[in-house]
Amino acid sequence: MTDIAAARNEIDAIDTAILDLLQKRNSAIIKIAAEKYRDGAPVKNQERESAHLLELLKIAEEKGVSPSLVTRIYQEIFADSRTRQLSYIHSLDAADGNAAKKIRVSYLGLKGSYSYLATHKFFRAAESRLSEKSCSSFQEIISDVENAAADCGVLPIENTSSGCINEVYDLLQNAKVHITGELTYHINHGILMAVPTDLSRIKTVYSHPQPIQQCSRWLLENLPHAEIKNATSTTEAMELVASLKSPEIAAIGSGEEAPLYGLTQLCGGIANQKVNITRFIVIMRESIMVPPAITAKTSLTFTTENRPGSLIKVLEVFSSRNINIVKLESRPRIENREGLIWAETFYADVIASTESALMQEALHKLKEVTGEVKILGCYPATAIPDEA
């Protein structure tokens, strides 16, 4: 046998031994997952992972093994470990059946609101386990999650007709929650009535500010003299119109859900855009790890000073690493550091996982050029596909 053949046999034996060790490691991972499920502990333990990796790097240096190789390998191992733990915990939930813990979720409005419909779409595989709470404001939803009154919250964040929902973005900036999922929902706004009537008789229209904004052109063209009044949700508007039973008062809401409140749809498809889609996000107290095989989206914020070239530096951080920015919005921010300073807070969505080496490198560089970065969440991109 040649020296090369002998060396190859030795490598094959080592690789087989590595696989045996990985199998033993996976068994240990399941034991840890079972304890975390029992104790309600989060899957990801960043402090533990960082400390363990440092120990491994010290050993690698002593043994003459490349630190960068060890880092890459163990980042993959840690990611796989978290994925296996999550899968095992989810399997325990499924096995519990009716005895499984309820999923407490908060959303805007009552039964029949668009947030209600989006919530049931996202959690359709676990609808029997939902414990629902209707809320009257976005802040209430976030507070429920922050204070552990809810496991999840569902928030609308942007719409093809009205754009970004700035209130939600502003609240997320200071919230102690993480985005863990997203979905899109086709919105079909209609004029809803409690009694038979025609457009010429309508004097007052109630709805949430977002649908009102999304239907602004139709309202201007068809009900120019009607008084437009805000409600905390479309369902509150529907409830109010149902109770008043007036041919002069209408609500904007979902025609499909109108019968829940004894209403009928007078006109449908009244949004400014023919294809009217709202993107919703799901928030939780703990962040999640997206398995490497799934395309991930990371939402983040960063602040730049109002100086020429500030934003270009940020864009170069991502473009030089071939990281795609799919959304970039700005919000003004006034700071008082030895006088008023006008700055811009940017909200960005990028197609990359925070677990990837490139994204870690980009975030490190981003902090250098902006000084302030907050990760709002890393989650599966369009994890719940929208039906036509």
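Note that the structure is predicted; figures quoted are calculated from it, not measured.

Here we take up the overall build of the protein chain. Scanning the protein chain from terminus to terminus reveals eleven helices and 15 strands. A burial count over the protein chain gives 44% of its 388 residues as buried. Carbon and sulfur atoms make up 53% of the accessible area of the protein chain, which amounts to about 20700 Å² in all.

Scanning all chains against the criterion turns up two cavities of 30 Å³ or more. Taken together, 18 residues line the largest cavity, and the ones lying closest to its centre are Tyr-114, Ser-115, Pro-156, Gln-210 and Pro-211. Within the residue set of the lining of the largest cavity, elements represented by two or more residues are helix 4 (114-122), strand 3 (152-159), helix 7 (209-214) and strand 11 (277-284). A per-element tally of the lining of the largest cavity places helix 7 first, with three residues.

Let us look at the sheet that holds strand 7 (residues 204-207). On the basis of which strands lie adjacent, the open sheet formed by five strands has the order 8-7-9-6-10 and mixed pairing. Where the open sheet ends on each side, the last strands, each with one partner, are strand 8 (227-230) and strand 10 (264-268). When strand polarity is set aside, the average angle formed by the axes of neighbouring strands in this sheet is 35°. Of the pairings in the sheet, the one linking strand 6 (residues 189-193) to strand 10 comprises four bridges and is antiparallel in character. From the neighbouring strand, Met-193 faces strand 10, where its bridge partner is Thr-264. Packing against the sheet, helix 9 (residues 234-244) makes contact with strand 6, strand 7 and strand 9 (249-254), and its axis sits at approximately 145° to strand 9.

With that settled, consider the packing of helix 5 (residues 138-146) against helix 6 (residues 166-174). As a packed pair, helix 5 and helix 6 sit with axes 10 Å apart at the nearest point and diverge in direction by 25°. One finds that helix 5 runs roughly parallel with respect to helix 6. You can see that helix 5 and helix 6 cross each other, and the crossing is right-handed. Contact residues: helix 5 offers Phe-138, Gln-139, Ile-142 and Glu-146, while helix 6 offers Glu-167, Val-168, Leu-171, Leu-172 and Asn-174. Tallied by class, the residues present in the contact of helix 5 with helix 6 amount to five nonpolar, two polar and two charged.

A few words now on the packing of aromatic side chains. Under the counting rule described, the total for this entry stands at five aromatic pairs. Seen from their ring centres, Phe-122 and Phe-123 are 5.0 Å apart, and the 75° between their planes marks the pair as edge-to-face.

Right, let's talk about the pattern of salt bridges for a bit. For the structure on display, the rule yields 13 salt bridges. Residue Glu-182 is joined to Lys-297 by a salt bridge in which the shortest nitrogen-to-oxygen separation is 3.1 Å. With Glu-182 in strand 5 (residues 178-186) and Lys-297 in strand 12 (residues 296-305), the pair connects residues that are 115 residues apart, well separated along the chain. Judged by relative accessible area, Glu-182 falls into the buried class, the value being 2%. The closest approach of N and O atoms between Arg-279 and Asp-349, which form a salt bridge, is 3.2 Å. Note that Arg-279 is positioned in strand 11 and Asp-349 in strand 14 (residues 340-351), a separation of 70 residues in sequence. Arg-279 sits in the buried class, given a relative accessible area of 8%.

Conventions adopted
- Residues numbered from 1 in each chain as written.
- Predicted model: local features only at pLDDT ≥ 70, side-chain atom pairs only at ≥ 80, totals over all residues.
- Heavy atoms only, no water.
- Helix = DSSP H or I, 4+ residues; strand = E, 2+ residues; numbered from the N terminus.
- Buried < 20%, exposed > 50% of the residue type's maximum accessible area, 1.4 Å probe, protein only.
- Areas by Shrake-Rupley, 256 points an atom, 1.4 Å probe, with all protein chains shown as cover.
- 1 Å grid on protein atoms, 1.4 Å probe; cavity = no way out; pocket = protein on both sides within 12 Å on 5 of 7 lines; lining within 4 Å.
- Points joined across faces, edges and corners; volume = space filled by probe spheres on them.
- Pairing = 2+ DSSP bridges.
- Axes fitted to C-alpha atoms, helices over the stretch in contact; angles between N-to-C directions.
- Contact = heavy atoms within 4.5 Å.
- Parallel < 35°, antiparallel > 145°, perpendicular 65-115°, else oblique.
- Left-handed = near helix turned anticlockwise from the far one by under 90°.
- Nonpolar A, V, L, I, M, F, W, Y, C, P; charged D, E, K, R; others polar.
- Phe/Tyr/Trp six-rings, centres within 6.5 Å; stacked < 30°, edge-to-face > 60°.
- Salt bridge = Lys/Arg side-chain N within 4 Å of Asp/Glu carboxyl O.

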